[in-house]
Amino acid sequence: VPLMVGKVHVKSLSLDGVRAILEEAEDGSVAWPEMPKADAGKPAEAAGEGVQIGAVHLRDVVIQRRRKGVDAEPWKVEAVDAEVEPGLRDVTFTARVSRHGQPLALAGRFADLSRLGKAGAVSDGKLTLSWAATKATVAGRFPLHRALEGHDLALEASSPSLDDAFAFFGFERGKTAPLSLKAASRAE
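### Overview of the overall build of the chain
The helix and strand inventory of the chain stands at three helices and 13 strands. Counting every atom, the chain has about 12000 Å² of accessible surface; 57% of that belongs to carbon and sulfur.

### Side note on unusual backbone geometry
Phi is positive for D90, which is not a glycine, with a value near 50 degrees. Assessed through its relative accessible area of 40%, D90 is described here as partly exposed. Phi at L148 takes a positive value of approximately 65 degrees, unusual for a residue other than glycine. Mapped onto the fold, L148 is located in the loop between β11 (135–143) and β12 (152–159). Looking at L148, the relative accessible area reads 45%, which means it is partly exposed.

### Quick look at the packing of aromatic side chains
All told, the structure shown has seven aromatic pairs when counted by the stated rule. A centroid spacing of 6.5 Å and a plane angle of 10 degrees characterise the contact between F93 and F110, whose relative ring orientation is stacked. With F93 in strand β8 (residues 89–99) and F110 in strand β9 (residues 102–112), this residue pair connects regions lying 17 residues apart in the sequence. Classification of F93 by relative accessible area gives partly exposed; the value is 22%.

### Things to note about the pattern of salt bridges
The full count for this structure, using the stated rule, is ten salt bridges. R19 is paired through a salt bridge with D60; the nearest N and O atoms lie 3.5 Å apart. Taken as a pair, R19 in strand β3 (residues 19–24) and D60 in strand β5 (residues 55–67) lie far apart in primary sequence, 41 residues in all. Residue classification places D60 among the partly exposed positions, given a relative accessible area of 37%. In this structure, E78 and R96 form a salt bridge, with 3.0 Å as the shortest nitrogen-oxygen distance.

### Some words on the nonpolar core
In this structure, V97, L104, L106, L129, W131 and F142 are the most contacted members of the largest nonpolar core, which totals 21 residues. Those elements that place two or more of their residues in this core are β7 (75–85), β8, β9, β10 (122–130), β11 and α3 (163–168).

### Topic: the confidence of the model for the chain
Per-chain confidence: the chain averages 86 in pLDDT, with 86% of residues scoring 70 or above. Here residues 43–48 scores under 50 on pLDDT; set against residues more than four positions off or in separate chains, the count is twelve contacts.

### Some words on the side chain of S159
On the secondary structure map, S159 appears in strand β12. For S159, a relative accessible area of 5% corresponds to the buried category. Within the structure, the side chain of S159 is placed 2.7 Å from the side chain of T134, a separation counted as a polar contact. Among the polar contacts listed, one links the side chain of S159 to the backbone oxygen of S161, at a separation of 2.5 Å. When residues no more than four places from it in sequence are discounted, the contact partners of S159 are A133, T134, D164, P178 and L179.

### A closer look at the pairing of β10
Going residue by residue along β10, you find S123, G125, L127 and L129 tucked away on one face and V122, D124, K126, T128 and S130 left uncovered on the opposite face. Bridging between β10 and β11 involves nine bridges; their strand directions are antiparallel. Each residue of the ladder has a partner; that of K126, found in β11, is A139. The hairpin turn running from β10 into β11, its antiparallel successor, is four residues long.

### What about the pairing of β12?
Relative to β12, β11 runs antiparallel, the two being bridged by seven bridges. In the sheet register, A136 faces β12, and the bridge partner there is A157. Here eight bridges tie β12 to strand β13 (residues 179–186), and the two strands are oriented antiparallel to one another. Bridge pairing links L153 to S185 in β13.

Basis of the calculations
Here the residue index of a chain counts from 1 through its sequence in written order. With the structure being a predicted model, the display of local features is reserved for residues of pLDDT at least 70 and the display and counting of side-chain atom pairs for 80 or more, all residues being used for whole-chain, interface and lining totals. Side-chain numbers here rest on the full set of heavy atoms in the structure, without hydrogens or water. For helices the rule is a DSSP run of H or I covering at least 4 residues; for strands it is a run of E covering at least 2, with both sets numbered from the N terminus onward. Accessible areas in this description were obtained via Shrake-Rupley with a 1.4 Å probe; residue shielding takes into account the shown protein chains only. Working definition: with a 1.4 Å probe on protein chains only, accessible area under 20% of the residue-type maximum means buried, over 50% means exposed, and in between means partly exposed. Only the six-membered ring of Trp is used, alongside the rings of Phe and Tyr, when aromatic pairs are assigned; centres must lie within 6.5 Å, and planes under 30 degrees apart are stacked while those over 60 apart are edge-to-face, with the rest tilted. Within this document, salt bridges are pairs made up of a side-chain nitrogen of Lys or Arg and a carboxyl oxygen of Asp or Glu, the two lying within 4 Å of each other. Here, nonpolar core refers to any group of buried Ala, Val, Leu, Ile, Met, Phe, Trp, Tyr and Cys residues whose side-chain atoms link them within 4.5 Å. The predictor's confidence in any single residue is recorded as pLDDT, a number from 0 to 100. Throughout, a residue-residue contact means that at least one pair of heavy atoms, one from each residue, lies within 4.5 Å. In protein, a polar contact requires one atom able to donate a hydrogen and another able to accept it; more generally it is a pair of N or O atoms within 3.5 Å, and residues adjacent in sequence count only if both atoms are side-chain atoms. Between any two strands, at least two bridges found by DSSP are needed for them to pair.

And the structure:
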């Protein structure tokens, strides 16, 4: 019966050894589905769309992006562990990924992602990124739409040299100076 009425709750989902290629054609069309738009008046839980998953565990995942026939450096996901309360609330996760041979550890918590993709939607949260030596934390009110409306974020970052972060993104540079940064960004 839950399958027929669209209220499926999966306790946990584990995937191991996944290989995914995300391809973009010459005309800009993509081979993966777009994220559904959030219903203006309903949180994700009330909308009844999709399957609700309480926990996600990923191991040994490789994501390759191919744009106009050219392969980009793959994202190698060693591990992701996420816990999600019904309606995309109280989302917590840890992840270990690498690109260009450089590791990155992530940890995050978001209070409410039920309005993801909706203009003006925000969620309280915290995101920590840790490369070999570079560390960054962003905390506050995160925008859930690409227009970045309503955000109020504080950033702290420190590094003896940004070599590890630049290498992760594929930028070839010489050794950089140490970094210590505190910044804030707010949309009125």
